[in-house]
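A structural walkthrough
Listed here are the chains, written in short residue letters.
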Amino acid sequence: MHFLPRRRALIVVPVLILIIFAIALFPLKRSYVFYDNRTEKLAGYLPLEETDFQIKYIHSIHLSEVLESYKVLPDNRLKLVELEYEDFNIGMPSNAGEGETFVEKDGKYFIKNMKRELADFRLLVGDVDAGLYFLTGEKEFDLKKNLERGKSYTFRVQRLSAFQQLKGVKLNEQ
């Protein structure tokens, strides 16, 4: 009779281990993620709390601020919805595309009503002293402090497991 608890333990312990292992590997938390393009390893992540975010940077040629506004779609694809900039120089559009609206206001240019969808995009963290920020909600993250300068990253939204979160680096607010 005293063998019954031992048999239960032989069944319960492995089942508990399997449950814990499954929870650790099951992708639960939707996150903004940055993958190193050379190693394909998770370099940084931020739990997704808001579905709107912006990338703010200083353009490398004309040295003025650019603000790209995005929305995360239900299938984790990204939609570029607005572009704000100060110069028409190299690399910046001079008009809006079909269905978009071009606006000039207070010395800045805006392309609004954009509907450009993409699964991910590449982001170069240049090794120059110019700003590069990720903004979501009321939070701002300095990507030059959170990611390695001189490296290229793939940015996307995906679900991360607890194990993947342990392998990556959570971005720190500025």
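Structural notes, computed from the coordinates. (Residues numbered from 1 in each chain as written. Predicted model: local features only at pLDDT ≥ 70, side-chain atom pairs only at ≥ 80, totals over all residues. Heavy atoms only, no water.)

Things to note about the overall build of the protein
Within the protein one finds three helices and 12 strands. Sequence-distant contacts, at least 24 apart, represent 56% of the contacts inside the protein between residues at least 6 apart. Summed over all atoms, the accessible surface of the protein reaches about 11200 Å², with 55% contributed by carbon and sulfur. (Helix = DSSP H or I, 4+ residues; strand = E, 2+ residues; numbered from the N terminus. Contact = heavy atoms within 4.5 Å. Areas by Shrake-Rupley, 256 points an atom, 1.4 Å probe, with all protein chains shown as cover.)

Comments concerning the nonpolar core
Among the nonpolar cores identified, the biggest contains 30 residues, and Tyr32, Phe34, Phe53 and Phe134 are the most heavily contacted of them. Within the residue set of this core, elements represented by two or more residues are strand 1 (29-36), strand 3 (52-58), strand 4 (65-72), strand 5 (78-85), strand 7 (108-112), strand 9 (121-125), strand 10 (132-136) and strand 12 (151-160). At four residues, strand 5 tops the list of elements feeding residues into this core. Membership of the second largest hydrophobic core comes to five residues, among which are Val33, Tyr35, Leu42 and Leu160. (Core = buried A, V, L, I, M, F, W, Y, C linked by side-chain atoms within 4.5 Å. Buried < 20%, exposed > 50% of the residue type's maximum accessible area, 1.4 Å probe, protein only.)

With respect to the sheet that holds strand 1
Taking strand neighbours across the sheet as the criterion, the four strands line up as 2-1-12-9 in an open arrangement whose pairing is antiparallel. The open sheet has two edge strands with one neighbour each: strand 2 (42-47) and strand 9. Across this sheet, the average inter-strand angle for adjacent strands is 30 degrees, counted without regard to direction. Pairing geometry for strand 1 and strand 12, over eight bridges, is antiparallel. By the bridge assignment for strand 12, Val33 is matched with Arg156. (Pairing = 2+ DSSP bridges. Axes fitted to C-alpha atoms, helices over the stretch in contact; angles between N-to-C directions.)

Regarding the pattern of salt bridges
On inspection of all chains with the given rule, the structure shows 12 salt bridges. Among the ionic pairs, Glu84 bridges to Lys108, the shortest N-O distance being 3.2 Å. Residue Glu84 is located in strand 5, and its partner Lys108 is located in strand 7; the two are separated by 24 residues in the primary sequence. When its relative accessible area of 25% is taken as the criterion, Lys108 is described as partly exposed. A salt bridge links Asp120 to Arg156, with the nearest nitrogen and oxygen atoms 3.4 Å apart. Here the residue Asp120 occupies a position in the loop between strand 8 (116-118) and strand 9, and Arg156 occupies one in strand 12, the gap between them amounting to 36 residues. Taking the relative accessible area as the measure of exposure, Arg156 reaches 25% and is therefore partly exposed. Here the salt bridges do not stand alone but share partners, grouping Asp36, Glu148 and Lys151 into one network. (Salt bridge = Lys/Arg side-chain N within 4 Å of Asp/Glu carboxyl O.)

Examining the pairing of strand 4
Of all eight residues in strand 4, six are buried, a share of seventy percent or more. Across seven bridges, the pairing between strand 3 and strand 4 is antiparallel. Across the sheet, the residue bridging to Tyr57 is Val66, located in strand 4. Linking two consecutive strands that pair antiparallel, namely strand 3 and strand 4, is a turn of six residues; a positive phi of about 55 degrees is found at Leu63 within it. With six bridges joining them, strand 4 and strand 5 adopt antiparallel strand pairing. If you follow Ser69 over to strand 5, its bridge partner there is Glu82.

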